Each structure stands twice: as structure tokens, then as C-alpha cells.
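# Structural features, examined
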Amino acid sequence: MLSVYPMKHIRPIILLLFALFATSVWAQPKVPREFQFAALGGVALSDYEFDPSVTTSMARGYTAGVAVRYIEEKFFGLQAEVLLTRRGIKDRFDSYPQYSFQRDLTYLEVPLMAHVYFNAGKRNEISFDVGPKLGYFLADKTSATLDANFPTIAASSHHGYAHHDMGVEYKFDYGIQAGLGYEFKFSNQLSLQLQGRYYFGLGNIFPDTKADVFETSRNNTVQIVMALWFHHRIRIPRNKQIY
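Residues numbered from 1 in each chain as written. Predicted model: local features only at pLDDT ≥ 70, side-chain atom pairs only at ≥ 80, totals over all residues. Heavy atoms only, no water.

In this section: the nonpolar core. If you look at the biggest cluster of nonpolar residues, it comprises 13 residues, and the most contacted ones within it are Tyr48, Phe50, Ile89, Leu105, Ile205, Phe206 and Phe214. Of all the secondary-structure elements, those providing two or more residues to this core are β1 (34–51) and β5 (100–119). Other than its neighbours up to four places away in sequence, Tyr48 contacts Thr56, Arg87, Gly88, Ile89, Leu105, Tyr107, Ile205, Ser217, Arg218 and Asn219. Judged by nonpolar contacts, the second largest core, of seven residues, contains Phe101, Phe150, Ile153 and Ala154. (Core = buried A, V, L, I, M, F, W, Y, C linked by side-chain atoms within 4.5 Å. Buried < 20%, exposed > 50% of the residue type's maximum accessible area, 1.4 Å probe, protein only. Helix = DSSP H or I, 4+ residues; strand = E, 2+ residues; numbered from the N terminus. Contact = heavy atoms within 4.5 Å.)

Let us look at the side chain of Thr63. Note that Thr63 resides in strand β3 (residues 59–73). The class of Thr63 is buried, set by a relative accessible area of 1%. Among the polar contacts made by the side chain of Thr63, one reaches the side chain of Thr85 at a distance of 2.8 Å. Excluding residues within four positions of it along the chain, Thr63 makes contact with Leu40, Gly41, Gly42, Leu83, Leu84, Thr85, Gln223 and Val225. (Polar contact = N/O pair within 3.5 Å; in protein donor to acceptor, adjacent residues only side chain to side chain.)

Turning our attention to the packing of aromatic side chains. According to the stated counting rule, one finds 17 aromatic pairs in the structure shown. Relative to Tyr99, the ring of Tyr96 lies with its centre 5.8 Å away and its plane at 25 degrees, an arrangement referred to as stacked. Ring-pair connections join several aromatic residues into one group, and the members of that group are Phe93, Tyr96, Tyr99, Phe150 and Tyr161. The aromatic ring of Tyr199 is capped on one face by Lys133, whose charged end is 4.4 Å from the ring centroid. (Phe/Tyr/Trp six-rings, centres within 6.5 Å; stacked < 30°, edge-to-face > 60°. Lys NZ or Arg CZ within 6 Å of the ring centre and 35° of its normal.)

Moving on, we get to a nonpolar patch on the surface. Taken together, the side chains of Tyr62, Val66, Val82, Leu84, Leu108, Val110, Leu134, Tyr136, Leu138 and Phe172 present a nonpolar region at the surface, about 860 Å² in accessible area. For the nonpolar patch, the secondary-structure elements that each account for two or more residues are β3, β4 (76–91), β5 and β6 (124–145). The greatest single-element share of the nonpolar patch, amounting to three residues, is contributed by β6. Its relative accessible area of 34% is what places Tyr136 among the partly exposed residues. (Patch = residues over 30% accessible without salt bridge, like charges linked within 9 Å, V, L, I, M, F, W, Y side chains within 5 Å. Areas by Shrake-Rupley, 256 points an atom, 1.4 Å probe, with all protein chains shown as cover. Salt bridge = Lys/Arg side-chain N within 4 Å of Asp/Glu carboxyl O.)

Glancing now at unusual backbone geometry. The peptide bond linking Asp51 to Pro52 adopts the cis configuration, its omega dihedral lying at 5 degrees. As for its position among the elements, Pro52 is in the loop between β1 and β2 (56–57). Phi at Phe75 is positive, roughly 85 degrees, even though this residue is not glycine. Counting through the fold element by element, Phe75 comes out in the loop between β3 and β4. Owing to a relative accessible area of 36%, Phe75 belongs among the partly exposed residues under this scheme.

In C-alpha cells form, the structure reads like this:
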């Protein structure tokens, strides 16, 4: 439904996908040079942007999965991943330090990114990745320390802490991810990468009409990941066409 996925949010992703494809076609002959495969994992520090605003802090979670990278030319490639990621909503109770609340949300995520890299010595690479990421909500888990007085406190707030019990309305999530990384090559077949990433979510998770509590409920996540890459070169002459 268009009301669920507004075109103003979907259009940037479509344009970015087109740009990735066009860059790949334009850059060099359509001859694969190398496939790379990785197992990766790391920590995810996430927060949710709400309107009306909710006082929150970064929730610690994780991300883990597999990746494949296609290198078509020197300095450029495409990278796709399948990840299991735990994000979170962590309330901050400045006036009531005895309270705590965290809601962990688990997603299956599929980023598709352009991979731009530069050699920084014989064994070192610096890389920049950017592209769209899609996610699908799988499950959530809540941990809280609240007491009998909390409903009175919640009733006095402008949002009523509705996100504590509100179900996830929109299970599909989408946004833009970018990352900056360092990769060390042990050999032509094996390398280790450390990367920092930022994800800017474009989709809401809760109902978002004007009659609902929240008009905005989207995710922002910072990740620190480590990936072990296995390189497999495909030896095809550069002047050979592939159809």
C-alpha cells in the first residue's frame, strides 16, 4: 500500500539502485574478475526516532551473517549480505532512575551496496560502501524494571509510553546504509576487514497516521563489524564477451 511505503521514501532507493547498476555497466567491460565470500559479525548500537519524541538512549545489540562481493574492476565492486540483526528501543528515565525499559527487535536484513576501495600499501585496503538495505521483522523481546506507580507517570506524558506495548505494524523496513572500513590481506585468498557502518531508516515500525500516537518511529543504527573474506578469482580473458 502506498500509505505504508510513501513514494517520497521509496524513490531515493530506486534511484540509488539504478545508480549502482549504471556505474557497474559503465565502469569496465562486463567480465567478472573476482568473487569474495565472507562470514561477518559485530555489535549494533541502535536508536529509534519518534515523533512525538521519546527520551531514549542507544541500545546494544548484534549483527551476524554472510556476504558476497563481486569485483568487476580495480577500485569498484558490488556487495550483498544476508544478516540477522538485533536492534533495540531503550528508554532513558532521567527523573526516575529506578526504572528501566528495553525492547529488542530482531530483523532479517539484506543490504546491497556499491563497494569502492583503494590500496594503502601491498596488504592494506581502505573501502567505502553505500547502498539500500531492506529488512523484515522477525521477533521482539522486552525487559523492564517498572512498578505500580509507572502507569500514573506514563499517563502524564505526551506519548503515554505507548511504544512499550504497541505491536510492530510494518514488518518490512528499508533505508540507506554506508560504511567505512579497513581490510588487511593475509594472502591473495584471505583477508580480514574491520568496518564502521551507519544505517538511516526511512520506514516506520508503528502505525503512523495523524490519528495514531506516533507519526514517526524509524530506526538509526551504528555498527562495528568484522568480516573474514575468502577470495576466489575467475580467470576469464578481458577481451572475451559474456552474454
